[in-house]
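Analysis of the macromolecular model
One letter stands for each residue in the lines below.
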Amino acid sequence: MADGESGLREANFVFASALLEGLVSGGVDTMCLCPGSRSTPLVAAAARLPGLRIRSHLDERSAAFFALGVARASRRPVAIVCTSGTAAANFLPAVVEANHARVPLLVLSADRPAELRDCGAGQTIDQVRLYGSNVRAFFEAPTPSPGLELERLARSLASRAVRAALGRAWGPVHLNLPFREPLEPPLESASLPQRPSSRAIEAVIAPTRHAEGASAEAVDRMARRFSDAERGVIVAGPIDRDPELAASVGRLARSLGWPILAEPISQLRAGEALGDAVVTAHHDAFLRDAAFAATKRPDLALRIGDTPTGKPLRRWLEADPETEIWLIDPDGVGHDPSRRASAILSLEPAPLCAAVASKIEAIGPRAPSALARALGRADSIAARVIESRLDASETLLTPAAVREVAASLPDAASVFLSNSMPVRDADTFWPVRPRSLRFFANRGANGIDGIVSTALGVASAGTAPLVLVSGDLAFLHDVGGLFAARDFEGSCTIVVLNDDGGGIFSFLPIAEHGESVRFRELFRLEHGIDLAPAAALYGLGFERARTRAELHAALGKSIGARGVRIIEVPIDPAENLEQHRELWRAVSAALRAEMP
Ligand SMILES: Cc1ncc(C[n+]2csc(CCOP(=O)(O)OP(=O)(O)O)c2C)c(N)n1
Ligand SMILES: [Mg+2]
């Protein structure tokens, strides 16, 4: 290896190339880059690496959320690269989401070498363990220099990083990578080091879930206990782990005769795989009726996925201390904030449900239980009441907007539900559909940040058309994420339900304090911002839909078309609040009349 400057140049490049090669052989196929100088060796190596999809971003915060979306959709680790300083700090929100939602992100932050830290050098902050306990692992790489076994070090680092990201619980991993100047690779291509061949790199690990099986004895025990329950239910919270999940949970529910109470982002409310299992869509509405909920309590609930979004469902599940709650918790995360789980199964849900189902089928499958029939009936009543009220309503508000999106999506499409009201409105109003859809949301940490970017990442990773349903504040929070819409190959329709502020706060007790706490200014954050120029700034199509028919037409034109388009639905916040309350009252009244 050459001495001095050219030796350093080469060392940086060899190390960066071997590191990226190692990541690629570990399953990374997408890398999101943000511009900077200290990261030059990584960017130059990425640019010359075949088999890697590179996306270039402006804002690190949006880039990291975009990568998160790609990783969610592809179920593969995605790498993000930035320069030193606040650039790395801007990755934090997406890293936090990836931590809680268990999404494999590989954060590669370039850094100054040790001798330039703590001495006032520019763009230098303390990047060591910058993300604290929000990452599965932190690695401080050696500063590449001639004389080190660079390729071996880099490959081992890549392998350990991928293994940590795809370990027992998937998640983000931070590699802090110091580089000493000169940072640019050698100009003369002849002097470029040979890329290590992929064959020379040990296979890291395939990005598959731990398919830990339950012992036959445990499956037996579960099957016996479950078939003894008289009022068993399956409650499905946010989960998107395994395309087989719906089929095996559907099979288990059918064999036991249990109903499935599934929010859309559990992936269990839509799709043929569920067969004729009883799946409820409107439990968020009908379980708000305390009297009805009290007469229909389960004696055993099998919980799948993270903590359910809807409060009425959680209250119903947890109100009776006699209700046994069995929680499937494959990553050992413990999504049980009320500490009510009586059994926690650290097992992969799809194979577990299939194994228990086949046991029950052998004993003799059950007809739908009385509770399943009652909840199924309540669901039909709620569906009818909601549909007829919405049909009769002149104005387009969020419940009908959400249902219009549901009705417009073709088979195999995807939908991203922003936090706050869209994910809740979808939980309450999204009907059960035979069509297979994939649902996304950032429910790891429930932020309204990075929503546009995550959705664009999702849409860029697959071929399915995506519709993002966003609130106006969530949209404005990450309006810069639209930067990623240029040269966009996927299809993304962004529906902004614009109620001029945080509508969710109107549903909270603080709303009653009104202007004594300057509610509209300090909680709702009313802004009056016209969204059309945001679309114009990025050269994107924009439409405003004021009626259901207009929304229907706009969605019809946009869904599946290449690129990114924005549809704004102006919503009157007071009418919206009143419509929600009116629908809940109407559902209660119908339940009382028809299921006394
Ligand atoms: C990053 C972040 N900041 C603040 C919050 C708190 N918060 C939750 S919902 C919400 C308002 C969201 O408004 P919008 O996106 O318009 O949705 P809407 O409630 O109107 O449906 C805020 C500020 C959050 N969840 N995440
Ligand atoms: Mg809003």
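Residues numbered from 1 in each chain as written. Chains lettered and ligands numbered in written order. Predicted model: local features only at pLDDT ≥ 70, side-chain atom pairs only at ≥ 80, totals over all residues. Heavy atoms only, no water.

1. Observations concerning the overall build of the chain
Regarding its fold elements, the chain presents 21 helices and 18 strands. Projected onto its principal axes, the C-alpha coordinates of the chain cover approximately 85 × 60 × 45 Å. Expressed as a percentage of contacts within the chain between residues at least 6 apart in sequence, the contacts between residues at least 24 apart total 80%. With an accessible surface of roughly 23000 Å², the chain has 52% of that area assigned to carbon and sulfur atoms. (Helix = DSSP H or I, 4+ residues; strand = E, 2+ residues; numbered from the N terminus. Contact = heavy atoms within 4.5 Å. Areas by Shrake-Rupley, 256 points an atom, 1.4 Å probe, with all protein chains shown as cover.)

2. Regarding the coordination of the magnesium ion (ligand 2)
The protein atoms donating to the magnesium ion (ligand 2) are Asp472 (OD), Asp499 (OD) and Gly501 (O), with metal-donor distances spanning 2.0 to 2.1 Å. Assessed through its relative accessible area of 10%, Asp499 is described here as buried. A relative accessible area of 3% places Gly501 in the buried class. (Donors = N, O, S within 2.8 Å, 3.2 Å for Na, K, Ca; no water. Buried < 20%, exposed > 50% of the residue type's maximum accessible area, 1.4 Å probe, protein only.)

3. Some details on helix H3 (residues 60-74)
Over its 15 residues, H3 runs 21 Å from end to end, which matches the ideal 21 Å to within 8%, given 1.5 Å per residue. Sitting at the amino-terminal end of H3 is Asp59, which places a side-chain oxygen 2.8 Å from the backbone nitrogen of Arg61. Backbone geometry just downstream of H3 places Arg75 in the positive-phi region, at approximately 55 degrees. (Expected span 1.5 Å × (residues − 1). Polar contact = N/O pair within 3.5 Å; in protein donor to acceptor, adjacent residues only side chain to side chain.)

4. Describing the side chain of Asp111
Inspection of the secondary structure assignment puts Asp111 in strand S4 (residues 105-111). On the accessibility criterion, Asp111 (0% relative accessible area) is buried. With sequence-adjacent residues up to four places away left out, Asp111 is seen in contact with Arg38, Ser84, Arg117, Ile125, Gln127, Asn176, Leu177, Pro178 and Phe179.

5. Quick word on the confidence of the model for the chain
Within the chain, residue pLDDT values average 93, and 95% of them lie at 70 or more. pLDDT under 50 marks residues 196-208. Its contacts with residues more than four places away, or in other chains, come to 26 contacts. (pLDDT = per-residue confidence, 0-100.)

6. With respect to the pattern of salt bridges
Any two side chains of opposite charge can pair, so long as their charged atoms come close to each other. As enumerated under the stated definition, the model contains 35 salt bridges in all. Arg9 serves as the salt-bridge partner of Glu184, at 3.4 Å between the closest nitrogen and oxygen. Of this pair, Glu184 sits in the loop between strand S6 (173-178) and helix H7 (216-228) while Arg9 sits in helix H1 (residues 4-25), placing them 175 residues apart in sequence. Residue classification places Glu184 among the partly exposed residues on the basis of a relative accessible area of 41%. For Arg9, a relative accessible area of 21% corresponds to the partly exposed category. When the shortest N-O distance is used, the salt bridge between Asp240 and Arg75 registers 2.7 Å. You can see Asp240 sitting in the loop between strand S7 (232-236) and helix H8 (245-256) and its partner Arg75 sitting in the loop between H3 and strand S3 (78-82), a full 165 residues away along the chain. Salt bridges linked by common partners bring Arg102, Arg241, Asp306, Asp331 and Glu348 together as one network. (Salt bridge = Lys/Arg side-chain N within 4 Å of Asp/Glu carboxyl O.)

7. Details of the sheet that holds strand S18 (residues 563-570)
One open sheet holds the six strands; their spatial order is S14-S13-S15-S16-S18-S17, and the pairing between them is parallel. In this open sheet, the two strands that pair with only one neighbour each are strand S14 (438-440) and strand S17 (541-544). On average, adjacent strands in this sheet sit at an angle of 20 degrees to one another, irrespective of strand direction. Relative to the sheet, helix H16 (residues 451-461) contacts strand S13 (414-417), S14, strand S15 (466-471), strand S16 (491-498) and S18, its axis offset from that of S15 by approximately 175 degrees. (Pairing = 2+ DSSP bridges. Axes fitted to C-alpha atoms, helices over the stretch in contact; angles between N-to-C directions.)

8. Some details on the sheet that holds strand S2 (residues 53-56)
Ordered by their spatial adjacency, six strands build an open sheet running S2-S1-S3-S4-S6-S5, and the pairing between neighbours is parallel. The sheet is open, and its two borders are formed by S2 and strand S5 (137-140), each paired with just one other strand. The sheet shows a mean angle of 20 degrees between the axes of neighbouring strands, direction not considered. Where S5 lies against S6, four bridges are found, and the strand directions are parallel. Bridging from a neighbouring strand, Ala137 pairs with Val173 of S6. Contacting strand S1 (30-33), S3, S4 and S6, H1 crosses the sheet at an angle of about 175 degrees to S4. Against the sheet, helix H6 (residues 150-165) engages S4, S5 and S6, with an angle of about 155 degrees to S6.

9. Focus: the pairing of S6
Within S6, six of the six residues are buried, which leaves the element mostly enclosed by the surrounding structure. Direction of pairing for S4 relative to S6: parallel, over a ladder of six bridges. Following the sheet pairing, Ala110 is matched in S6 by Leu177. Each parallel crossover has a hand, and the one from S5 via H6 to S6 is right-handed. (Right-handed = clockwise from strand over helix to strand, strands pointing away.)

10. Remarks on the nonpolar core
Among the nonpolar cores identified, the biggest contains 61 residues, and Phe286, Trp316, Leu409 and Trp430 are the most heavily contacted of them. Among the elements that make up this core, the one with the highest residue count is helix H13 (residues 370-392) (nine residues). Among the domains, domain 2 (216-377) and domain 3 (396-571) are the pair contributing at least three residues each to this core. Leave out the neighbours within four places in its chain, and Phe286 touches Thr280, Phe292, Leu375, Ala378, Asp379, Ala382, Val587 and Leu591. (Core = buried A, V, L, I, M, F, W, Y, C linked by side-chain atoms within 4.5 Å. Domains from an automatic or database assignment.)

11. So, the packing of aromatic side chains
Counting across every chain of the model gives seven aromatic pairs. Ring geometry for Phe519 against Phe523: centres 6.1 Å apart, planes inclined by 20 degrees, an arrangement best described as stacked. Residue class for Phe519 comes out buried when judged on its relative accessible area of 6%. Residue class for Phe523 comes out partly exposed when judged on its relative accessible area of 31%. Members of the aromatic cluster, each reached through a chain of ring pairs, are Phe226, Trp258 and Trp326. (Phe/Tyr/Trp six-rings, centres within 6.5 Å; stacked < 30°, edge-to-face > 60°.)

12. Observations regarding the domain arrangement of the chain
Once the domains are mapped, the chain shows domain 1 (4-201), domain 2 (216-377) and domain 3 (396-571). Using only C-alpha atoms to locate each centre, domain 1 and domain 3 end up separated by 32 Å. Contact with domain 1, which involves 20 residues of that partner, is made by 25 residues of domain 3. Both faces combined, the contact of domain 1 with domain 3 buries some 1700 Å², and carbon together with sulfur accounts for 53% of it. One can count one salt bridge joining domain 1 with domain 3. The partner of Arg61 in a salt bridge is Asp478, and the shortest N-O contact between them spans 3.3 Å. One can count 14 residue pairs in polar contact (both at pLDDT 80 or more) joining domain 1 with domain 3. When contributions to the side of domain 1 that touches domain 3 are tallied by element, the ones reaching two or more residues are S2, H3 and helix H5 (92-101). A class-by-class count of the residues in the side of domain 1 that touches domain 3 yields nine nonpolar, five polar and six charged. (Buried area = accessible area lost by both parts, 1.4 Å probe. Nonpolar A, V, L, I, M, F, W, Y, C, P; charged D, E, K, R; others polar.)

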